[in-house]
Amino acid sequence: MQLHDLAPTSGSKKDRKRVGRGHGSGHGKTATRGYNGQKSRAGGAKANGFEGGQTPLARRLPKLPGFTNINRVDFAPVNVGRLEFSFDDGDIVDAQTLVDKGIIKNTQTLVKILGDGSLTKSLTVRVDKVSATAAEKIISAGGKVEAPC
């Protein structure tokens with residue numbers, strides 16, 4: 001067998017349908033499009049997602065999920081367990097010391113002390129907010145919670 005002897009199996013290859021090429025082809029006159037109507041005309045197909053003039057679903061749904069509250073205030077959370085680990089007895093906890101210890105990134109960050117963990121050291125806390133549980137743990141350990149809380 002040579003390369004020129006190769007051929008597809010008979011019946012496996014079909015000629016494409018050549019529409020609109022005369023009556024003798026069997027696909028002349030209306031070129032398989034039927035008679036009148038939008039779909040019989042050139043360029044007459046409806047766009048994907050067209051819903052008969054009703055506003056399409058893609059335009060009825062919001063572009064992005066949710067929304068951003070412009071009045072939201074974000075606090076960097078710091079647990080009392082982290083204070084126990086990072087500070088010594090009698091230290092003052094404020095934005096500057098938290099930055100120095102690498103707990104927050106900069107002094108402009110608002111900080112809230114949360115109550116997860118235990119605290120045995122007496123600390124003076126001067127941050128933006130302190131949760132009720134955290135304040136209770138700080139005071140019971142002999143520390144103080146000062147303004148601006």
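The coordinates are above.
What you see is a predicted model; the values in this text were computed from it and never measured. Positions within a chain are numbered from 1, following the residues in the order the chain's sequence is written. Where totals are concerned, whole chains, interfaces and linings use all residues; where local detail is concerned, this predicted model gives features only for residues with pLDDT of at least 70, and gives and counts side-chain atom pairs only at 80 or more. Values reported for side chains reflect all heavy atoms of the structure, with hydrogen atoms and water molecules removed beforehand.

## A short note on the pairing of strand E1 (residues 76–79)
Here is step 1 of the chain: Residues Ala 76 and Val 78 line the buried face of E1, whereas the alternating positions Pro 77 and Asn 79 sit on a face that is not buried.
Here is step 2 of the chain: We treat two strands as partners when DSSP finds at least two bridges between them. Numbering of helices and strands starts at the N terminus; helices are DSSP runs of H or I of at least 4 residues and strands are runs of E of at least 2. Note: E1 against strand E3 (residues 111–114), four bridges, orientation parallel. Bridge pairing in E3 links Val 78 to Ile 113. Here the term buried applies to any residue with accessible area under 20% of the maximum for its type, exposed to any over 50%, and partly exposed to those in between, with areas from a 1.4 Å probe on protein chains only.

## Here's the deal with the side chain of Ser 40
Here is step 1 of the chain: Along the polypeptide, Ser 40 turns up in the segment before helix H1 (57–60).
Here is step 2 of the chain: Between N or O atoms, a polar contact is any pair within 3.5 Å; within protein, one atom must be a potential hydrogen donor and the other a potential acceptor, and residues adjacent in sequence are included only when both atoms are from side chains. A polar atom in the side chain of Ser 40 sits 2.7 Å from the backbone oxygen of Gly 37.
Here is step 3 of the chain: Note on contacts: a residue pair qualifies if any of its non-hydrogen atoms lie within 4.5 Å across the two residues. Setting aside residues no more than four positions away along its own chain, Ser 40 makes contact with Arg 33 and Tyr 35.

## Digging into the sheet that holds strand E2 (residues 92–93)
Here is step 1 of the chain: Strand order in this open sheet of three strands is E2-E4-E6, and the pairing throughout is parallel. Across the chains shown, the open sheet's two edge strands, defined by having one partner strand only, are E2 and strand E6 (144–145).
Here is step 2 of the chain: As paired strands, strand E4 (residues 124–125) and E6 are joined by two bridges and run parallel to one another. In the sheet register, Thr 124 faces E6, and the bridge partner there is Lys 144.

## Focus: the pairing of E3
Here is step 1 of the chain: Of the two faces of E3, only one is covered, namely that formed by Val 111 and Ile 113; the face formed by Lys 112 and Leu 114 stays uncovered.
Here is step 2 of the chain: Summarising the sheet, E3 and strand E5 (residues 129–130) pair through two bridges and their orientation is parallel. Paired with Ile 113 across the strands is Val 130, a residue of E5.

## A word on helix H4 (residues 132–140)
Here is step 1 of the chain: Residues Ala 134, Ala 135 and Ile 138 constitute the buried set of H4. In a view along the axis of H4, the buried residues occupy a sector of 100 degrees, so they form one face of it. Summarising the geometry of H4, the exposed residues directed more than 90 degrees from the buried face are Ala 132, Glu 136 and Ser 140.
Here is step 2 of the chain: Against helix H2 (80–86), E3, E4, E5 and E6 lie the buried residues of H4. Note: the arc covers the axis-to-C-beta directions of the helix.

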